[in-house]
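Here is how the chains run, residue by residue.
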Amino acid sequence: MPKTRGQGIIFGLLMSYAMAYGMEVYNVAIKEGATLAAGGLSNMTNIVFWDALVEASYMGVFVFIVSNLYGNRFGAAFAAKHSDPEKDNPYFCQLLRQGATVAVMCPSMSLIASVLFNVCLAGAPVTQLPAIWVGTVLKNFPMAFFWNFFAAAPFTHWLFGKLFPNK
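Not measured: the values here are computed from a predicted model. (Residues numbered from 1 in each chain as written. Predicted model: local features only at pLDDT ≥ 70, side-chain atom pairs only at ≥ 80, totals over all residues. Heavy atoms only, no water.)

## Thoughts on the pattern of salt bridges
Right, so step 1: Scanning the entire structure with this criterion turns up one salt bridge.
Right, so step 2: Lysine 31 is the partner of glutamate 55 in a salt bridge, and the nearest nitrogen-oxygen pair spans 2.8 Å. A residue pair is termed long-range when its members are at least 10 positions apart, and glutamate 55 in helix 2 (residues 47-82) and lysine 31 in helix 1 (residues 5-31) qualify at 24 residues.
Right, so step 3: Judged by its relative accessible area of 57%, lysine 31 falls in the exposed class. (Salt bridge = Lys/Arg side-chain N within 4 Å of Asp/Glu carboxyl O. Helix = DSSP H or I, 4+ residues; strand = E, 2+ residues; numbered from the N terminus. Buried < 20%, exposed > 50% of the residue type's maximum accessible area, 1.4 Å probe, protein only.)

## A few points about helix 4 (residues 129-163)
Right, so step 1: With 35 residues, helix 4 ought to run about 51 Å at 1.5 Å a step, yet its terminal C-alpha atoms sit only 41 Å apart, falling short of that.
Right, so step 2: At asparagine 148, helix 4 shows its maximal bend, which comes to roughly 55°.
Right, so step 3: Taken as a whole, helix 4 has its buried residues at Leu129, Ile132, Thr136, Val137, Asn140, Ala144, Asn148, Phe149, Ala152, Ala153, Thr156 and Phe160.
Right, so step 4: Structurally, helix 4 contributes buried residues whose contacts are with helix 1 and helix 3 (90-121). (Expected span 1.5 Å × (residues − 1). Bend = angle between axes of the 7 residues up to and from the residue. Contact = heavy atoms within 4.5 Å.)

## Concerning the packing of helix 2 against helix 3
Right, so step 1: At a minimum axis distance of 7 Å, the contact between helix 2 and helix 3 shows a crossing angle of 140°. When the axis of helix 2 is compared with that of helix 3, the two are oblique. At the point where helix 2 passes helix 3, the crossing takes the right-handed sense.
Right, so step 2: For the contact of helix 2 with helix 3, a count of residues per class yields 20 nonpolar, seven polar and two charged. (Axes fitted to C-alpha atoms, helices over the stretch in contact; angles between N-to-C directions. Parallel < 35°, antiparallel > 145°, perpendicular 65-115°, else oblique. Left-handed = near helix turned anticlockwise from the far one by under 90°. Nonpolar A, V, L, I, M, F, W, Y, C, P; charged D, E, K, R; others polar.)

Put into structure tokens, the structure is as follows:
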């Protein structure tokens, strides 16, 4: 885990982009129709990875900003309220914080994505934003939760450990 402010920024950037890329692969695959054919996401083509990389390049910035403004703090506060690092297993405390952070970040990023992709770029009426946002949260939350727990967080911790080994 980060020990300095600089390490915290690097860890935050790694986690932000790991989450943004995974979520963009998922959303681009849906947008490009992979889920409509028999076999679902198994029909994805390699172009999805490139298109997701393009979108993640700027969505990662939004993730980093939102997580630093309030996402990480709210997640940490929830975990502190519902666990005790002195008594509870540290891994449980970490997982609770991750889950709480996803619970804050997913609706926040879904709102940003709804405004950006649906209202600004696709021209949906602003009056439809509440329905678009709720639909986006319902679509993205399961993926965000499992992607964070089983891919983004383990990858980020592994890479951070390689970049900043404990001495």
